[in-house]
Amino acid sequence: MGIPNQLKNQHLLWRAGFGPDTVPVEELSSDSNKKLIKAIFKASEKVPAYIDVADPAIKEIYQGMEEMYRQKRQLTEEQRKLIRDRSRDGIRALNLTWLNQMVHSEQQLREKASLFWHGHFACRTVNIVHQQQLLDVIRRNALGKFSDLLREVSKSGAMLNFLNNNQNRKDHPNENFAREVMELFTMGRGNYTEDDIKEAARAFTGWGSNASGNFIFRKNQHDTGKKKVLGKTGNFNGDDILDILINHPQTAQYITRKVYRYFVNETENEGQIKWLADRFYKSGYDISALFQDIFTSDWFYDQRNVGSIIKSPVLLIAGIRRAIPMEISNEEVQITLQRLLGQQLFYPPNVAGWPGGKNWIDSSSLMLRLRIPQMIYAEDTLTLKPKDDDDQMMGMKDQGDRKQKMKAFAQKRGGGQVIAATVNWDAYTKLFEKVSREKLLPAISSSVLQTSNSVTVSTLDKYIDNSSRENYIRSATIQLMSTPEYQLC
């Protein structure tokens, strides 16, 4: 027996986006799944607008740096401080601007795929100009050809600097970039040798970027000798290596497996993954076609795949905001929540990105996750403070009066924040206006939760406000969002 149509459509909206927005329950029940799939892909066709939050003064400094270096002039202390301060503020603004796109954009599939690639091509840089360029590369190519996405990411100033390829020169090859391209971006560990990495690193010599983040090929630093990579021999350059990796079927297998674990189920089905990977490879790595194959497959809607994935912190926050429309006046509290829950955009824990799955949950993070809906409802205060991260504190740990600076940072960025959200409850309660009073709780439960283990009515009744129909809907929704079941989608 198949799952109900409403659950089927909600499953699609959670996996191909950030959950349902304010859609009446009867629409989710009656809408054709095929039409919904078509609408989701259609909405994400357009090339997204570039997100530009970088301070013009910083951009001007970066643009003038090449000329400065030629004249053997250094940045002044004032310029360095400006870059540090405005870059930090810029990355926070980039975080919140992109999060708002996830919540409000009709391009749900594009933004969800972009969040996946943001973890796949994990990169940490405090350079706001480079960071927003990389985000643009990912969002533009998120549903295109993987080969284009890989090439553009590999030639971005953010990634070339993060993986030290600006230091990769003939006679002194740096293997970091070549290693991560093979291990994390394409084939996966165990499918190449150390010699393959060494030889590929020689091919990537001379690849770098200027201060503005534009790709530069420094011909005089490139090793022009013959290289042997994955059984192929030639006078290879970096583009040749990327071609060799793309042409290897193992890359399609590796990418498909990661996509499957993220969008379908952490428990892998080898037959389904092989079928998807073969078609992905034959399509020339068409990412959009891969998603079509997933979302139109009957097995995608099997009960085992529904409510099987633990929501990432960003998906949890965005999903709550989509479900109950709200305006948050102190948006920065969302960055504090991201840090406390272990997924701050633009700050992956390492080159492998966020591990996901059960790693999202521990005793403290689960308690906070369960409290978030109540904190929004009651405008409660968030008093927890995230652990310090030197990248995010912009090197303040090692400068001058460490304690004083950390205290100032904590006061500015840390605890004592209220989630000052104004919820449009009228718009939300209207979603259930055609539902009779006795069917209200099952209707709210089926729209909020993606699991078959429904929460018992007797348990919830103790906490639901029965004073009016509106208060009943509000409090029942918040109580359901505060359950462990809501952590799954």
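Before any of the text, the structure's been laid out above.
Residues numbered from 1 in each chain as written. Predicted model: local features only at pLDDT ≥ 70, side-chain atom pairs only at ≥ 80, totals over all residues. Heavy atoms only, no water.

**Student:** Give a description of the nonpolar core that names residues and reports values.
**Tutor:** Membership of the largest hydrophobic core comes to 71 residues, with the highest contact counts inside it found for Trp117, Phe146, Phe291 and Phe295. The residues contacting Phe291, other than those within four sequence positions of it, are Phe41, Leu109, Ala113, Leu143, Val259 and Phe263. In this structure, Phe18, Val25, Ile320 and Leu449 belong to the second largest nonpolar core, which totals 69 residues. (Core = buried A, V, L, I, M, F, W, Y, C linked by side-chain atoms within 4.5 Å. Buried < 20%, exposed > 50% of the residue type's maximum accessible area, 1.4 Å probe, protein only. Contact = heavy atoms within 4.5 Å.)

**Student:** Give a detailed account of unusual backbone geometry, specifying residues and quantitative values.
**Tutor:** Phi at Asn164 is positive, roughly 65°, even though this residue is not glycine. In this fold, Asn164 is placed in the loop between helix 9 (157-162) and helix 10 (176-186). Residue class for Asn164 comes out partly exposed when judged on its relative accessible area of 25%. Positioned with a positive phi, Phe346 is a non-glycine residue whose angle comes to about 75°. Looking at the secondary structure, you find Phe346 in the loop between helix 17 (333-341) and helix 18 (363-378). (Helix = DSSP H or I, 4+ residues; strand = E, 2+ residues; numbered from the N terminus.)

**Student:** Please set out empty space enclosed by the protein residue by residue, giving values where relevant.
**Tutor:** Using the criterion set out here, one finds three cavities of 30 Å³ or more in the structure. Each pocket or cavity is described by its volume, and for the largest cavity that value is around 180 Å³. Taken together, 15 residues make up the lining of the largest cavity; nearest its centre are Pro20, Ala323, Tyr428, Ser447 and Val448. Of all the secondary-structure elements, those providing two or more residues to the lining of the largest cavity are helix 2 (25-30) and helix 21 (440-448). For the lining of the largest cavity, the per-class residue count stands at 12 nonpolar, two polar and one charged. Its volume calculated, the second largest cavity comes out at about 70 Å³. In terms of lining, the second largest cavity is formed by Ile317, Ile320, Arg321, Met326, Ile328, Gln334, Leu337, Ile372, Ile376 and Ile419. (1 Å grid on protein atoms, 1.4 Å probe; cavity = no way out; pocket = protein on both sides within 12 Å on 5 of 7 lines; lining within 4 Å. Points joined across faces, edges and corners; volume = space filled by probe spheres on them. Nonpolar A, V, L, I, M, F, W, Y, C, P; charged D, E, K, R; others polar.)

**Student:** Give a detailed account of the layout of surface pockets, specifying residues and quantitative values.
**Tutor:** If you add up the space inside the largest pocket, you get close to 750 Å³. Residue lining of the largest pocket: 32 residues in total, with Tyr262, Glu266, Trp354, Pro355 and Gly356 positioned closest to the centre. Considered class by class, the residues forming the lining of the largest pocket number 13 nonpolar, 10 polar and nine charged.

**Student:** Please provide a residue-by-residue account of the environment of Gly19, values included.
**Tutor:** Here Gly19 is to be found in the loop between helix 1 (5-15) and helix 2. Residues Gly19 and Leu340 lie 321 residues apart in sequence; the distance between their C-alpha atoms is 22 Å. Filtering out sequence-adjacent residues up to four positions away, Gly19 remains in contact with Leu13, Trp14, Gln108 and Arg322.

**Student:** Which residues make up the packing of helix 5 (residues 77-104) against helix 7 (residues 128-141), and what values do they have?
**Tutor:** Orientation of helix 5 relative to helix 7, taken along the N-to-C sense of each, is 20°, at an axis distance of 9 Å. Between helix 5 and helix 7, the angle is such that the two are roughly parallel. Listed contacts from helix 7 to Ser87, Gly90, Ile91, Leu94, Trp98 and Gln101 of helix 5 are Ile128, Gln131, Gln132, Leu135 and Arg139. (Axes fitted to C-alpha atoms, helices over the stretch in contact; angles between N-to-C directions. Parallel < 35°, antiparallel > 145°, perpendicular 65-115°, else oblique.)

**Student:** Can you explain the environment of Ile241? Please cite residues and give values.
**Tutor:** With respect to the helices, strands and loops of the structure, Ile241 is situated in helix 12 (residues 238-247). The sequence separation of Ile241 and Ala178 amounts to 63 residues, and the corresponding C-alpha distance is 9.1 Å. Beyond its immediate stretch of four places on either side in the chain, Ile241 contacts Ala200, Ala203, Phe204, Val229 and Phe236.

**Student:** Report on the packing of aromatic side chains, specifying residues and quantitative values.
**Tutor:** Overall, the coordinates contain 25 aromatic pairs when judged by the stated rule. Over the aromatic face of Trp14 sits the side chain of Lys311, whose NZ or CZ is 4.1 Å from the ring centroid. Here the basic side chain of Arg437 rests over the ring of Tyr472, its NZ or CZ set 4.0 Å away from the ring centre. (Phe/Tyr/Trp six-rings, centres within 6.5 Å; stacked < 30°, edge-to-face > 60°. Lys NZ or Arg CZ within 6 Å of the ring centre and 35° of its normal.)

**Student:** So what's going on with a negative patch on the surface? Which residues, and what values?
**Tutor:** Residues Glu26, Glu27, Asp31 and Glu433 make up a contiguous surface patch of negative charge. Looking at where Glu27 falls in the secondary structure, it is placed in helix 2. Relative accessible area serves as the criterion here: at 37%, Glu27 is assigned to the partly exposed category. (Patch = residues over 30% accessible without salt bridge, like charges linked within 9 Å, V, L, I, M, F, W, Y side chains within 5 Å. Areas by Shrake-Rupley, 256 points an atom, 1.4 Å probe, with all protein chains shown as cover. Salt bridge = Lys/Arg side-chain N within 4 Å of Asp/Glu carboxyl O. Lys, Arg positive; Asp, Glu negative; His and termini not counted. Charge placed at Lys NZ, Arg CZ, Asp CG, Glu CD.)

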